[in-house]
Amino acid sequence: MRRRTPPPPSPLPQRDGIDAVRVRLPLTGPWSTVREHLAERLSGAGAGVVDGMFDAGRFVGADGRAVPGDAPYQPGMFVWFHRDVPPEVPVPFPLEVVYRDEHIVVADKPHFLATTPRGGHVTQTALALLRRELGVPSLGAAHRLDRLTAGLVLFTVRPEERGAYQGLFRDRRVRKEYEAVAPYDPALTLPRTVRSRILKERGVLAAREIPGEPNAVSRVELIERRPGPGFELGRYRLVPGTGQTHQLRVHMTALGVPILGDPLYPEVTAPVPAGDFRRPLQLLARKLEFTDPVTGREHRFSSGRSLEAWTAYEDWAGRQ
């Protein structure tokens, strides 16, 4: 099998912890200049934006030099540039590092902070913030945690080792334990293992259970219960055996005890405006345990966060 030649390294440094965008020109096409292709490829940026970027020398080649707009089209050529990122509202909760060595960083992520750049969340993401704060531009995520979920996330320091750590999650060699606050139902027999088939369709916000061979397995246990305002609250330990999107949220809803603060389950609610950090989803990635594939060390990490609906329900529920 012929090995693919890796692309050259980026000639542009990161900006605010974000890598430059790399574009490879197609091997065939009707374009006569680089400008013609990029104007078509980046047409969503708006009229005149690409021309302005060329005029400002913002497109560069592998040698770091600005690529002029009238440069002849070269099939397979690499071009780099930085996107203009609109201002983002900072998440007003701390991102804490619980462990760091020469191979990995384990962070305790707050609610509302995305793990990696995606959509409208770019600079205000755990990855971008840690790259800047720790001064480690090579930092990468070994897995992802939902933006609305708080807790432990594993990052890798060395790009050449990232695959080994990502393999831990792919091969289910990481023990993950979550904590959630949801209504208590005396008729619900716990502990139990929930198995179902979950489908998450592109472009659809909520996942759903469908008939078929189970692809999602979750262990649900009740840690403790206490009176709440008109209903009893339960604090639950959730141990996923698989990693389907929104799996724990779907399974808790299916049991009749949806996690407090969930904007998608059991019903999709109207989107909240940017900067609305009230009533976070009461789901926390509490523990992360694995054998380090590079050093062989046994790692056991625990989040220091608490779920506010359990410790101060009135404060959590009363925010307007």
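Residues numbered from 1 in each chain as written. Predicted model: local features only at pLDDT ≥ 70, side-chain atom pairs only at ≥ 80, totals over all residues. Heavy atoms only, no water.

(A) Spotlight on the packing of aromatic side chains. By the definition in use, this model includes eleven aromatic pairs. The interplanar angle of 85° and the centroid separation of 6.2 Å between the aromatic rings of Phe-231 and Tyr-313 together place this pair among those described as edge-to-face. Placement of Phe-231 in the loop between β10 (216–227) and β11 (232–240) and of Tyr-313 in helix α7 (residues 313–318) is noted, with a sequence separation of 82 residues between them. On the accessibility criterion, Phe-231 (31% relative accessible area) is partly exposed. (Phe/Tyr/Trp six-rings, centres within 6.5 Å; stacked < 30°, edge-to-face > 60°. Helix = DSSP H or I, 4+ residues; strand = E, 2+ residues; numbered from the N terminus. Buried < 20%, exposed > 50% of the residue type's maximum accessible area, 1.4 Å probe, protein only.)

(B) Structural context of helix α5 (residues 247–254). Counting buried residues along α5, six of its eight residues qualify, which places the element largely inside the surrounding structure. Among all positions of α5, only Gln-247, Leu-248, Arg-249, Val-250, His-251 and Met-252 are buried. In this structure, the buried side of α5 is in contact with β7 (175–183), β8 (192–199), β9 (208–210), β10, β11 and β12 (283–291). Of the residues flanking the end of α5, it is Gly-256, one or two places downstream, whose phi is positive at about 90°. (Contact = heavy atoms within 4.5 Å.)

(C) How the structure looks around the pattern of salt bridges. Taken as a whole, this structure holds 20 salt bridges when the rule is applied. For Glu-179, the salt bridge is made with Arg-286, and the minimal N-O distance between the two is 3.2 Å. Note that Glu-179 is positioned in strand β7 and Arg-286 in strand β12, a separation of 107 residues in sequence. The pair formed by Glu-179 and Arg-286 is uniform in burial state, with each residue classed as buried. Taken together, the salt bridges that share partners define one network made up of Arg-175, Glu-177, Arg-219, Glu-221 and Arg-237. (Salt bridge = Lys/Arg side-chain N within 4 Å of Asp/Glu carboxyl O.)

(D) Summary view of the pairing of strand β13 (residues 298–302). Residues His-299 and Phe-301 line the buried face of β13, whereas the alternating positions Glu-298, Arg-300 and Ser-302 sit on a face that is not buried. Sheet topology places β12 next to β13; five bridges connect them, and they run antiparallel. Along β13, the bridge assignment pairs Glu-289 with Arg-300. If you look at the hairpin formed by β12 and β13, you'll find six residues sitting between the two strands, and Gly-296 has a positive phi there, around 80°. (Pairing = 2+ DSSP bridges.)

(E) Representation of the environment of His-251 within the structure. Within the secondary structure, His-251 sits in helix α5. In this structure, the C-alpha to C-alpha distance between His-251 and Pro-30, residues 221 residues apart in sequence, is 51 Å. Excluding its chain neighbours within four sequence positions, the residues that come into contact with His-251 are Val-194, Ser-196, Ile-198, Glu-209, Ala-216, Val-217 and Ser-218. A polar atom in the side chain of His-251 sits 2.9 Å from the side chain of Ser-196. (Polar contact = N/O pair within 3.5 Å; in protein donor to acceptor, adjacent residues only side chain to side chain.)

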